[in-house]
Amino acid sequence: MNKNQYVELLPIFEDNYVFVLVDRASSSALVVDPGESSAAIDFLTSHDLKLKGILLTHHHPDHIGGVQELKARFSCPVYAPLKNKTQIPFADHYVQEADSIHLAPFSFQIMELPGHTLGHVAYWEPQHQWLFSGDVLFGLGCGRLFEGSFAQAYTSLQRIKNLPPESLVFCTHEYTERNLQFCRILSSEDNTPLLGNAEALDQYASDLRTKRSQQRPSVPLVLSTEISTNPFLMAQDEEQFRYLRELRNRQ
Ligand SMILES: [Zn+2]
């Protein structure tokens, strides 16, 4: 891993992260899903970084609230999902499935991952194997379905599952501890269709406890770890996924 290129996590609101992709060599950065602007402005100015672009995964206010202030201040281009053009009219470029974006030294492939919202996209950075996945997948959980169908959300998760196992998933919310409680409830349910790997989950819980007790984020997620512990990724079909999501909605 090139230490000159890294992702900084800026906590905002109750449990959101704004991601800043830093390239030290060019003293430039990209920002993903700025729900508000002040954290990013403070970070960029104190590190003397030029903002070269803003990437948006979907139109929810806690992901786009800071965009216009950042754009006005740094005059950088904004990338947003084509299917959210009406909700995000202030973007400069609209992206869709299989598009590529080059913002040197980073490059991204666009994956349309409907479910949480219909227009939701993720930004896959193949060189670093980073996925910026907004509200599609969370640590031990997945995003609520506000607009999409169970079938769409299930397919979207399967697509993430097919990325290289060592990929790092940058999801926008720190929900992992809450989701761990759900996994514990799930493992005590008699009729759960899933038989997760209990040992892997215990290891996950122990790592999570260590990180959180040191105020460290649980994000980025390691995809291979999620594949062996996250019930929503372990669901074998759409029906199992629906069962889990409906159970989780009632928690
Ligand atoms: Zn959202």
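Our structure's up above, just so we're on the same page.
Residues numbered from 1 in each chain as written. Predicted model: local features only at pLDDT ≥ 70, side-chain atom pairs only at ≥ 80, totals over all residues. Heavy atoms only, no water.

Structural notes on the overall build of the chain
A tally of helices and strands in the chain yields 9 helices and 14 strands. Compactness check: the chain gives a C-alpha radius of gyration of 18 Å against a globular reference of 18 Å for 251 residues, within 12% of the reference. Taking the principal axes of its C-alpha atoms as reference, the chain extends roughly 55 × 40 × 30 Å. Contacts in the chain between residues far apart in sequence, at least 24 positions, make up 60% of those at least 6 positions apart. By element, 48% of the accessible surface of the chain is carried by carbon and sulfur atoms, the whole surface being about 11100 Å². (Helix = DSSP H or I, 4+ residues; strand = E, 2+ residues; numbered from the N terminus. Rg over C-alpha atoms; globule rule 2.2 N^0.38 Å. Contact = heavy atoms within 4.5 Å. Areas by Shrake-Rupley, 256 points an atom, 1.4 Å probe, with all protein chains shown as cover.)

Some remarks on the coordination of the zinc ion
For the zinc ion, every protein donor is listed as His58 (NE2), His60 (ND1), His116 (NE2) and Asp135 (OD), and the spread of their distances is 2.2 to 2.3 Å. Counting the intervening residues between successive donors of the zinc ion yields the motif H-x1-H-x55-H-x18-D. Separated by 56 residues along the polypeptide, histidine 60 in the loop between strand 4 (50-55) and helix 2 (61-64) and histidine 116 in the loop between strand 8 (106-112) and strand 9 (121-125) bring together distant segments of the chain. On the basis of relative accessible area, histidine 116 is assigned to the buried category, the value being 7%. (Donors = N, O, S within 2.8 Å, 3.2 Å for Na, K, Ca; no water. Buried < 20%, exposed > 50% of the residue type's maximum accessible area, 1.4 Å probe, protein only.)

A few points about the nonpolar core
Residues Phe19, Leu21, Ile101, Phe108, Tyr123, Phe132 and Phe241 are the most contacted members of the largest nonpolar core, which totals 55 residues. Broken down by element, this core gets its largest block of residues, 5 residues, from helix 4 (residues 150-161). Residues Val31, Ala39, Ile41 and Ala80 belong to the second largest nonpolar core, which totals 27 residues. (Core = buried A, V, L, I, M, F, W, Y, C linked by side-chain atoms within 4.5 Å.)

Some remarks on the sheet that holds strand 6 (residues 93-95)
Read from one edge to the other, the open sheet built from 6 strands follows the order 1-2-3-4-5-6, with strand pairing classed as mixed. The sheet is open, and its two edges are formed by strand 1 (5-12) and strand 6, each paired on a single side. If you compare each strand with its neighbour and ignore which way they point, the axes differ by 25° on average. Where strand 5 (residues 78-81) meets strand 6, 3 bridges bridge the pair, whose relative direction is parallel. Considered in strand 6, the bridge of proline 81 is made with valine 95. The strands touched by helix 1 (residues 38-46) are strand 1, strand 2 (16-23), strand 3 (28-32) and strand 4; relative to strand 1, the strand with the most contacts, the crossing angle is about 140°. (Pairing = 2+ DSSP bridges. Axes fitted to C-alpha atoms, helices over the stretch in contact; angles between N-to-C directions.)

Side note on the pattern of salt bridges
For the coordinates displayed, the defined rule picks out 9 salt bridges. One salt bridge in this structure joins lysine 83 and glutamate 112, with 2.9 Å as the shortest N-O distance. Note that lysine 83 is positioned in the loop between strand 5 and strand 6 and glutamate 112 in strand 8, a separation of 29 residues in sequence. A salt bridge links arginine 212 to glutamate 174; the nearest nitrogen and oxygen atoms lie 3.9 Å apart. Taken together, the positions of arginine 212 in helix 6 (residues 198-213) and glutamate 174 in the loop between strand 13 (168-171) and helix 5 (176-188) put the pair 38 residues apart, joining distant regions of the chain. Residue classification places arginine 212 among the partly exposed residues on the basis of a relative accessible area of 25%. In the salt-bridge network here, residues are joined through shared partners; they are Glu174, Glu177 and Arg212. (Salt bridge = Lys/Arg side-chain N within 4 Å of Asp/Glu carboxyl O.)

Concerning helix 9 (residues 238-249)
Counted at 1.5 Å a residue, the expected span for helix 9 with its 12 residues is 16 Å, and the 16 Å between its end C-alpha atoms agrees. When we look at burial in helix 9, the residues that qualify are Gln240, Phe241, Leu244, Arg245, Leu247 and Arg248. The arc that holds every buried residue of helix 9, seen down its axis, measures 160°, which confines them to one face. The residue sitting at the N-terminus of helix 9 and contributing the capping side-chain oxygen is aspartate 237; that oxygen lies 3.1 Å from the backbone nitrogen of glutamate 239. (Expected span 1.5 Å × (residues − 1). Arc of directions from axis to C-beta. Polar contact = N/O pair within 3.5 Å; in protein donor to acceptor, adjacent residues only side chain to side chain.)

Considerations on the sheet that holds strand 10 (residues 130-134)
Pairing within the open sheet is mixed, and its 6 strands lie in the order 7-8-9-10-13-14. Two strands close off the open sheet at either side, each with one partner strand: strand 7 (100-103) and strand 14 (221-222). In this sheet, strand 13 lies alongside strand 10 in parallel orientation, the contact comprising 4 bridges. Bridging across to strand 13, phenylalanine 132 finds its partner in phenylalanine 170.

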